[in-house]
Amino acid sequence: MYELLGIIAVFNKEEASMSGQTYEELIAKISELQQQAEAVRKSELDTVIADVKAKIKKYNLSAADLGLGGNLRRAARATSAVKVKIAPGKYRNPETGEVKEVGAAGRKPTWLVSLSADELERARVS
């Protein structure tokens, strides 16, 4: 155990002498560099925001176009005002081709619930 501690002490002295700085000095330098980086970020922020706003205006982008539309589940629910009743039977998943038998009770597959009335008719196998 004491040998290991001696080896670690020698290693730490060699490391400090190799860089010419102690651990505490390096931590202080890191802190100073982080403060400098934050100051530069703040100074560039106004320019970056103005540039982004100009591009949003130029390309007529919305928050949804940028993926900033908030809760997508809530938005999807709000747009589907008409709820389609799913009758028991077999339905084919338009994306995978999988055929799924659906009963009257129980939870319906997500892909089936998201279909419109027309898509639901086309997906029905029997």
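Whatever comes next refers back to the structure up there.
Residues numbered from 1 in each chain as written. Predicted model: local features only at pLDDT ≥ 70, side-chain atom pairs only at ≥ 80, totals over all residues. Heavy atoms only, no water.

Trainee: Which parts of the structure should I look at to understand the overall build of the protein chain?
Mentor: Per the secondary structure count, the protein chain includes five helices and two strands. Its helices and strands taken in sequence order, the protein chain reads α-α-α-β-β-α-α from the N to the C terminus. Buried positions account for 10% of the 126 residues belonging to the protein chain. For the protein chain, the exposed surface amounts to about 11100 Å²; the carbon and sulfur share of it is 57%. (Helix = DSSP H or I, 4+ residues; strand = E, 2+ residues; numbered from the N terminus. Buried < 20%, exposed > 50% of the residue type's maximum accessible area, 1.4 Å probe, protein only. Areas by Shrake-Rupley, 256 points an atom, 1.4 Å probe, with all protein chains shown as cover.)

Trainee: Would you take a moment to explain the environment of Leu120 for this structure?
Mentor: Looking at the element boundaries, Leu120 is found in helix α5 (residues 117-123). Looking at Leu120, the relative accessible area reads 7%, which means it is buried. Between the alpha carbons of Leu120 and Lys85 there is a distance of 9.6 Å; along the sequence they are 35 residues apart. The contact partners of Leu120, leaving out residues within four places of it in the chain, are Val84, Lys85, Ile86, Tyr91, Leu112 and Leu115. (Contact = heavy atoms within 4.5 Å.)

Trainee: How do you make sense of the pairing of strand β1 (residues 89-92) when you look at a structure like this?
Mentor: If a strand is regular, its side chains alternate between the two faces of the sheet. Examined bridge by bridge, β1 and strand β2 (residues 99-102) share four bridges and lie antiparallel to one another. Paired with Tyr91 across the two strands is Lys100, which belongs to β2. In this antiparallel pair of consecutive strands, β1 and β2, the connection spans six residues, and Gly97 shows a positive phi of 85°. (Pairing = 2+ DSSP bridges.)

Trainee: Help me understand helix α2 (residues 23-59), please; the structure alone is not making it clear to me.
Mentor: Because the α-helix completes a turn every 3.6 residues, residues three or four places apart line up on one side. Look at α2: 50 Å from first C-alpha to last across 37 residues, which is about the 54 Å you get at 1.5 Å a residue. Bending of α2 peaks at approximately 40° at the position of Leu45. Directly after α2, the chain includes Asn60, whose backbone phi takes a positive value near 55°. (Expected span 1.5 Å × (residues − 1). Bend = angle between axes of the 7 residues up to and from the residue.)

Coordinates in, geometry out; function isn't part of it.
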